2 protein chains.
Amino acid sequence: MNWLERIFDPSYLDLPRFLARPTDTGEDVSATVARILREVRDRGDEALFEYGRKFDGVSLARLGVSGEELANAGTLLPAALRQAIARARDNIRRFHEAQKPNDEHIETEPGIFCWRKSVPIEQVGIYVPGGSAPLFSTVLMLAVPATIAGCSRIILCTPPQSDGTIHPAILHAAYISGVTEVFAVGGAQAIGAMAWGTESIPKVDKIFGPGNRFVTEAKIQVSGSACAIDMPAGPSEVMVVIDHAADPAFAAADLLSQAEHGPDSQAILVVIADDLHAGDLLVDAVEHHLDNQLSRLGRRHLAVRSLGHSKAVIVTKPEQAVMVINSYGPEHLLLQSATAEVLAGYVRNAGSVFIGPWSCESAGDYASGTNHTLPTNGWARAYGGVSLDSYFKKITFQRLERKALCSLGPDIRIMAEAESLDAHAEAVRIRLSRNCEVST
Amino acid sequence: MNWLERIFDPSYLDLPRFLARPTDTGEDVSATVARILREVRDRGDEALFEYGRKFDGVSLARLGVSGEELANAGTLLPAALRQAIARARDNIRRFHEAQKPNDEHIETEPGIFCWRKSVPIEQVGIYVPGGSAPLFSTVLMLAVPATIAGCSRIILCTPPQSDGTIHPAILHAAYISGVTEVFAVGGAQAIGAMAWGTESIPKVDKIFGPGNRFVTEAKIQVSGSACAIDMPAGPSEVMVVIDHAADPAFAAADLLSQAEHGPDSQAILVVIADDLHAGDLLVDAVEHHLDNQLSRLGRRHLAVRSLGHSKAVIVTKPEQAVMVINSYGPEHLLLQSATAEVLAGYVRNAGSVFIGPWSCESAGDYASGTNHTLPTNGWARAYGGVSLDSYFKKITFQRLERKALCSLGPDIRIMAEAESLDAHAEAVRIRLSRNCEVST
């Protein structure tokens, strides 16, 4: 079946139109979210309990999970899953530990010492969406670096299941990656709770994590006034670049592992071929495997809807593929062509790049060690994914010796006066007047 | 005169109330800003010319400044100012060049290679407010690191003066720090122009720079959907920590160099004294100098209004001062007590820290090398100031060898299946089935 709309040899100027992200056709959520946030800010826990009944269909006795429940959750999981989670945690830890900052100390002029110090953000909040399956991998991705950074409080909010509990895989992942408190609260109300704090839930300094449109809108709304956020998130996306050397079955599997996320997800195939006809045949080959693999898929209905706005772009030169990549700025970029290593060197806009046939997206999604919280919707132009840096702020320090101010001071005064900031000039003048042999 | 409201020995829980930032009592600007942004997005240059007539009172022939005008602006400045600007530029360059990232390459498991690469954000936009004086120092602070990072396009928007031109100090600072294009557009409309692009002004990936409430609101509004921003900015603030060893005239000068920024600015004095009475006398001494210095100040009327909500906090132990500092999270923190170096080690929340009597805020505002674009309004809990990092995004890369996927693959499958993501599991299974000796 022809799953992918084919675009042959597009010009640079046409690309943004051809590869436009699916636009959000749903109702405007901003007013709804603003109302929920206001309720939570003003009424605290009471509002959270109400929303729990309304949206999650559960009447909770309390919002927090006990330390005992957290510590024991692992015993409810199959040993193989527990081991897999521990291995993923260890790889994520290794990759993020290597990101520890080196704070530079320099002397910009004799006697002017300037440096930065990386200080962990004290209180961080992690949001993990609910839904049909427990997204414990997101817990690992967001809590492990927080622990390495040394954040003193790492809380997690996630919607309760229909019986009011939280899935043990989420609790166990939280427990082994250093989360300090877990709350059974979901949706925009969870974001409001972490941004302002309630009786049960502490206010945090920064909120991390993915979510649906309500959660994303809530994060954006609080980010202007109350609380920092990791990044504005959107539906997930992948771009897979292949040529004759690639295995079309692998490419099909990778497109589907994006498409199954949901109907908003976007999967783009880029084919580099000797000529457009050869490229067309390669797309045929991938589509043949899409047919085969789709039939085995539990979330087939979601994947089919997502494929409805997926595309195949056929080009004849590697540099055109580079243009397509950087114009689109994919969250995940899979390079499976013979030229993969070379192409990787030219990537300017992408969240995470997977090089070669054995680097499937699932590896990075779960266990290779890289973070899976990545910029979507073209945000890769400006943002990197979550990393250890996301949990630090860097404070600058400076210490000037007396002689250094005597030397630099007159130039500071000239500039302050040129900006009509007299008191700035005066703060220098008064120091110079007492202590330096310069005219004041 | 009693300029500063005195707070004696406050408890930790009372601090947030005592040191609350002046709340914004102006009208709600969000609807106005949303309308301006919509106009600019929909009508481009036409709307910019209209707003130029309406808000800046000038009819411009074109929005851009010619390359010749940019290159020649320096000839219109006094030589001493030109030299001071060059010296500041060089120090800023030295401090930010030291921040160049070291991208780590690691092998998380045998055959799993993961690394990050710092890639400059391609297009950045700088906003410089207008007003009574040309804020050329902000140009240096925002353009110098962009040039070091290697951003390919660095544009600058600033409101025109009443004669339609831009002050030569701004143009010259732009020219010598690598700005590629300058436009005479100010206000929320400039933010919209850079976020979406117009016929004259290119769309950028990230917007930097301070501004009034309209500009800040515009930055927040575009940051959710169109364009990244440096940080949500607010009125400037300083906290000055002194004890018996400090020179009260210096402290007064530093408080005033904050207060002169405008009526929203906040200046907080923290006094560490042997007892509360001694602390009271120290505040008296500072106020005596405030009286003296105010009389010499051009922007006296602004400083007086700002002092109206300034405070003095008197404590008797250094650890209480630490509590006050970290509770407030000042943009600028000046440590002028005998314990300055020790206190500096305990700072968790601050934008930039100035240690010792010769490290006046003006030094960092202009010329020592550190950046003066810093988190205000308590954002220091989550954000650092603008730094070289602000102009990069870090892209992650990974390459798995076949044997590595054969080893890790089964654990990825277990986790993907536990998250009900069949296609994620399948992308691994299909690879394992062909190439590894494991059961599939």
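Predicted model, so just to flag it, every value in this text is computed and none were measured.

**Brief notes about the side chain of S265 of chain B**
Residue and element names in this part refer to chain B.
Item 1. By secondary structure assignment, the location of S265 is in the loop between helix 10 (248–259) and strand 10 (266–272).
Item 2. On the accessibility criterion, S265 (3% relative accessible area) is buried.
Item 3. Separated by 3.5 Å, the side chain of S265 and the backbone oxygen of Q258 make a polar contact.
Item 4. Sequence-distant contacts of S265, that is, excluding residues within four places in its chain, are made with P235, S236, Q258, A259, S306 and H309.

**Let's talk about the domain arrangement of chain A**
All names here are of chain A.
Item 1. What the domain assignment reports for chain A is domain 1 (29–102 + 124–230), domain 2 (235–384) and domain 3 (401–435).
Item 2. Placing the centre of domain 1 and that of domain 2 at their C-alpha centroids yields a distance of 30 Å.
Item 3. Listed per partner, the contact involves 12 residues of domain 1 and 12 residues of domain 2.
Item 4. Between domain 1 and domain 2, the buried area comes to about 950 Å², and carbon and sulfur atoms account for 56% of it.
Item 5. In this structure, the connection of domain 1 to domain 2 is made through zero salt bridges.

**Some thoughts on the packing of aromatic side chains**
Item 1. For the structure on display, the rule yields 10 aromatic pairs over all chains.
Item 2. Note on W379 of chain A and Y383 of chain A: the rings are 5.6 Å apart at their centroids and 80° apart in plane angle, and the pair reads as edge-to-face.
Item 3. The exposure class of Y383 of chain A is partly exposed, given its relative accessible area of 22%.
Item 4. Over the ring of F18 of chain A we find R17 of chain A; its NZ or CZ atom is 5.0 Å from the centre of that ring.
Item 5. Sitting above the plane of the Y328 of chain B ring, R21 of chain B keeps its charged end 3.7 Å from the centroid.

**Considering the nonpolar core**
Item 1. Core analysis: the largest hydrophobic core is formed by 102 residues, its most contacted members being L156, V182, M194, I201, V222 and Y391 of chain A together with M415 of chain B.
Item 2. Excluding anything up to four places from it in sequence, V182 of chain A contacts L63, G64, V65, L70, L156, I166, L171 and A174 of chain A.
Item 3. Core analysis: the second largest hydrophobic core is formed by 100 residues, C406 of chain A together with L81, A174 and A195 of chain B among them.

**So, the packing of helix 8 (residues 187–196) of chain A against helix 9 (residues 213–223) of chain A**
All names here are of chain A.
Item 1. Contact pair helix 8 / helix 9: the axes reach a minimum separation of 7 Å and the direction vectors enclose 25°. With respect to their mutual orientation, helix 8 and helix 9 come out roughly parallel. The two elements helix 8 and helix 9 meet at a crossing, and its hand is right-handed. Note on element contacts: helix 9 touches helix 8 through F214, V215, A218, K219 and V222, opposite G187, A188, I191, A195 and W196.
Item 2. Of the residues assigned to the contact of helix 8 with helix 9, the class counts are eight nonpolar, one polar and one charged.

**Side note on the packing of helix 2 (residues 30–43) of chain A against helix 8 of chain A**
Residues and elements named next belong to chain A.
Item 1. Running from N to C, helix 2 and helix 8 cross one another at 45°; their axes reach a closest spacing of 8 Å. Taken together, the axes of helix 2 and helix 8 lie oblique to each other. Note that helix 2 runs across helix 8; the crossing there is right-handed. Within the contact between the two elements, helix 2 uses V33, I36, L37, V40 and R41 and helix 8 uses A188, Q189, G192, A193 and W196.
Item 2. Tallied by class, residues from the contact of helix 2 with helix 8 come to seven nonpolar, two polar and one charged.

**A short note on the sheet that holds strand 6 (residues 181–183) of chain B**
All names here are of chain B.
Item 1. Spatial strand order, 6-5-4-7-8: five strands in an open sheet with parallel pairing. Strands with a single pairing partner mark the edges of an open sheet, and in this sheet they are strand 6 and strand 8 (228–229).
Item 2. Pairing analysis gives three bridges linking strand 5 (residues 153–157) to strand 6, with the strands arranged parallel. Paired with L156 across the strands is V182, a residue of strand 6.

**Considerations on the pattern of salt bridges**
Item 1. Inspection of the entire model under this criterion finds 48 salt bridges over all chains.
Item 2. R153 of chain B is the salt-bridge partner of E181 of chain B, the closest N and O atoms lying 3.0 Å from each other. Taken together, the positions of E181 of chain B in strand 6 and R153 of chain B in strand 5 put the pair 28 residues apart, joining distant regions of the chain.
Item 3. According to the relative accessible area criterion, E181 of chain B is partly exposed, its value standing at 22%.
Item 4. One salt-bridge network, held together by shared partners, links R6, D280, D284 and E287 of chain A.

**Here we look at the relation of the copies chain B and chain A**
Item 1. When chain B is fitted to chain A, the best match, at an RMSD of 0.0 Å, comes from turning it 180° and sliding it 0.0 Å along the axis. Here the transformation between the copies is reduced to the relation of a two-fold axis.

The rules we used
Residues numbered from 1 in each chain as written. Chains lettered and ligands numbered in written order. Predicted model: local features only at pLDDT ≥ 70, side-chain atom pairs only at ≥ 80, totals over all residues. Heavy atoms only, no water. Helix = DSSP H or I, 4+ residues; strand = E, 2+ residues; numbered from the N terminus. Buried < 20%, exposed > 50% of the residue type's maximum accessible area, 1.4 Å probe, protein only. Polar contact = N/O pair within 3.5 Å; in protein donor to acceptor, adjacent residues only side chain to side chain. Contact = heavy atoms within 4.5 Å. Domains from an automatic or database assignment. Buried area = accessible area lost by both parts, 1.4 Å probe. Salt bridge = Lys/Arg side-chain N within 4 Å of Asp/Glu carboxyl O. Phe/Tyr/Trp six-rings, centres within 6.5 Å; stacked < 30°, edge-to-face > 60°. Lys NZ or Arg CZ within 6 Å of the ring centre and 35° of its normal. Core = buried A, V, L, I, M, F, W, Y, C linked by side-chain atoms within 4.5 Å. Axes fitted to C-alpha atoms, helices over the stretch in contact; angles between N-to-C directions. Parallel < 35°, antiparallel > 145°, perpendicular 65-115°, else oblique. Left-handed = near helix turned anticlockwise from the far one by under 90°. Nonpolar A, V, L, I, M, F, W, Y, C, P; charged D, E, K, R; others polar. Pairing = 2+ DSSP bridges. Least-squares fit on C-alpha atoms with pLDDT ≥ 70 in both.

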